[in-house]
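One-letter residues, chain by chain:
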Amino acid sequence: KGIKTVITLVSSELFTPMQQYASDNDMIILDCGNTAMSNALNDTTFRLIPNDTHEVNALIYQLDKEGIENVLIIDVNNLDQNNFRSIFESKYTGTVLNTYLYAKGNTIEVKAFGDETVQMSNENSAILFFGEKLDAIGLESLEGPVKDKVVAYKWFGTHLIEFNEEFKRSGLDITFVTHDYRGFGYFMPQHIDLNN
């Protein structure tokens, strides 16, 4: 229909077939939100934000700065986050104690996660949330010392939850490591409203 340029703001999973179509049909995409490494190709797409390698570097910098040597990862099992997790694991020099995967709309293995958090040391450990919704960890089903321990840890999250009101109300000590619209890395504590 004569369209030569498309501006996109969609998830990586939705973006992938669009990117291929644009490349095959000599169309230009100006992308405003896709960070997946798998879509960082030499084609007709121009990104307006950095890809996930930059966000991973910022996250690792912050973990090192805070003396975090051991992490548990909670990760939604989709294209976006699988890329992020694999990049993180290839660069992080600390120890990934375990990774809990979950599918969209489901929860992780809550009991195993709770049992493992009780055995970790608060001082040099953190929980990384490479996911989308807080209910994936079944926080409400945790009780007593297990819940207290989970809440006591330092948490880190990625761009997928930076505007998530559920996390802001959770009481978790969570830092978002992400990029603003100009592409600069920043570290944003949970209690700061990113919409302001």
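My aim in this report is to walk through the structure given alongside it, one point at a time. Just so we're clear, the structure is a prediction, and the values are computed from it rather than from any experiment.

**Considering the pattern of salt bridges**
Inspection of every chain in the model, using the stated rule, returns four salt bridges. A salt bridge links Lys111 to Asp115; the nearest nitrogen and oxygen atoms lie 2.8 Å apart. Placement of both Lys111 and Asp115 in helix 4 (residues 110-119) is noted, with a separation of four residues, approximately one turn of the helix. Each of Asp75, Arg85 and Glu89 takes part in salt bridges that share partners, so that together they form one network.

**Some points on helix 4**
Inspection of helix 4 places Val110, Phe113, Gly114, Glu116 and Thr117 among the buried residues, and these make up the whole buried set. The buried residues of helix 4 occupy an angular sector of 165° when projected down its axis, which confines them to one face. Residues of helix 4 that are exposed and angled more than 90 degrees away from the buried face: Lys111 and Gln119.

**Side note on the pairing of strand 4 (residues 70-76)**
Two faces make up the sheet, and in a regular strand the side chains alternate between them. Among the seven residues of strand 4, seven are classified as buried, and the element is accordingly described as predominantly covered. Side-chain alternation along strand 4 places Asn70, Leu72, Ile74 and Val76 on one buried face and Val71, Ile73 and Asp75 on a second face that is also buried. Relative to strand 5 (residues 95-102), strand 4 runs parallel, the two being bridged by seven bridges. What sits directly across from Ile73, in strand 5, is Thr99. As defined by bridge partners, strand 4 adjoins strand 6 (residues 125-130) across six bridges and the pair is classed as parallel. Residue pairing across strands places Leu72 opposite Ile127, the latter belonging to strand 6.

**So, unusual backbone geometry**
The residue Asp26 is not glycine, and still its phi comes out positive at about 55°. Take Asp26: it is sitting in the loop between helix 1 (12-24) and strand 2 (28-31).

**Quick notes on the packing of helix 4 against helix 5 (residues 144-152)**
The N-to-C vectors of helix 4 and helix 5 enclose an angle of 70°; their axes lie 9 Å apart at closest approach. Judged by the angle between their axes, helix 4 and helix 5 are roughly perpendicular. Across the interface between the two elements, Phe113, Gly114, Thr117 and Val118 of helix 4 pack against Val146, Lys149 and Val150 of helix 5. In terms of residue class, the contact of helix 4 with helix 5 is built from four nonpolar, two polar and one charged.

**Things to note about the packing of aromatic side chains**
According to the stated counting rule, one finds five aromatic pairs in the structure shown. Pairing Phe88 with Tyr92 gives two aromatic rings, centres 4.9 Å apart and planes at 20°, and the pair type is stacked. For the pair Phe88 and Tyr92, one class covers both residues: buried. Through a chain of ring-to-ring contacts, three or more aromatic side chains come together here, namely Phe84, Phe88, Tyr92 and Phe130.

**Re the side chain of Gln19**
Positionally, Gln19 belongs in helix 1. From its side chain, Gln19 meets the backbone oxygen of Asn39 in a polar contact 2.8 Å long. Dropping the residues within four chain positions of it, Gln19 is found in contact with Ile29, Asn39, Leu41, Asp43 and Thr45.

**Thoughts on the sheet that holds strand 3 (residues 45-47)**
Sheets are built from strands paired through backbone hydrogen bonds, the pairs being either parallel or antiparallel. With respect to topology, three strands assemble into an open sheet ordered 1-2-3, the strand pairing being parallel. This sheet does not close on itself; its edge strands, each paired only once, are strand 1 (5-8) and strand 3. Put simply, the sheet's adjacent strands are angled 20° from each other on average, direction ignored. Note that strand 1 and strand 2 share four bridges and pair parallel. Residue pairing for strand 2: Thr8 is matched across the bridge by Asp31.

**Considering the side chain of Asn124**
In this fold, Asn124 is placed in the loop between helix 4 and strand 6. Side chain to side chain, Asn124 and Ser125 meet in a polar contact 3.4 Å long. Aside from chain neighbours lying at most four places away, what touches Asn124 is Gly67, Ile68, Glu69 and Asn70.

What counts, and where the lines are drawn
Residues numbered from 1 in each chain as written. Predicted model: local features only at pLDDT ≥ 70, side-chain atom pairs only at ≥ 80, totals over all residues. Heavy atoms only, no water. Salt bridge = Lys/Arg side-chain N within 4 Å of Asp/Glu carboxyl O. Helix = DSSP H or I, 4+ residues; strand = E, 2+ residues; numbered from the N terminus. Buried < 20%, exposed > 50% of the residue type's maximum accessible area, 1.4 Å probe, protein only. Arc of directions from axis to C-beta. Pairing = 2+ DSSP bridges. Axes fitted to C-alpha atoms, helices over the stretch in contact; angles between N-to-C directions. Parallel < 35°, antiparallel > 145°, perpendicular 65-115°, else oblique. Contact = heavy atoms within 4.5 Å. Nonpolar A, V, L, I, M, F, W, Y, C, P; charged D, E, K, R; others polar. Phe/Tyr/Trp six-rings, centres within 6.5 Å; stacked < 30°, edge-to-face > 60°. Polar contact = N/O pair within 3.5 Å; in protein donor to acceptor, adjacent residues only side chain to side chain.

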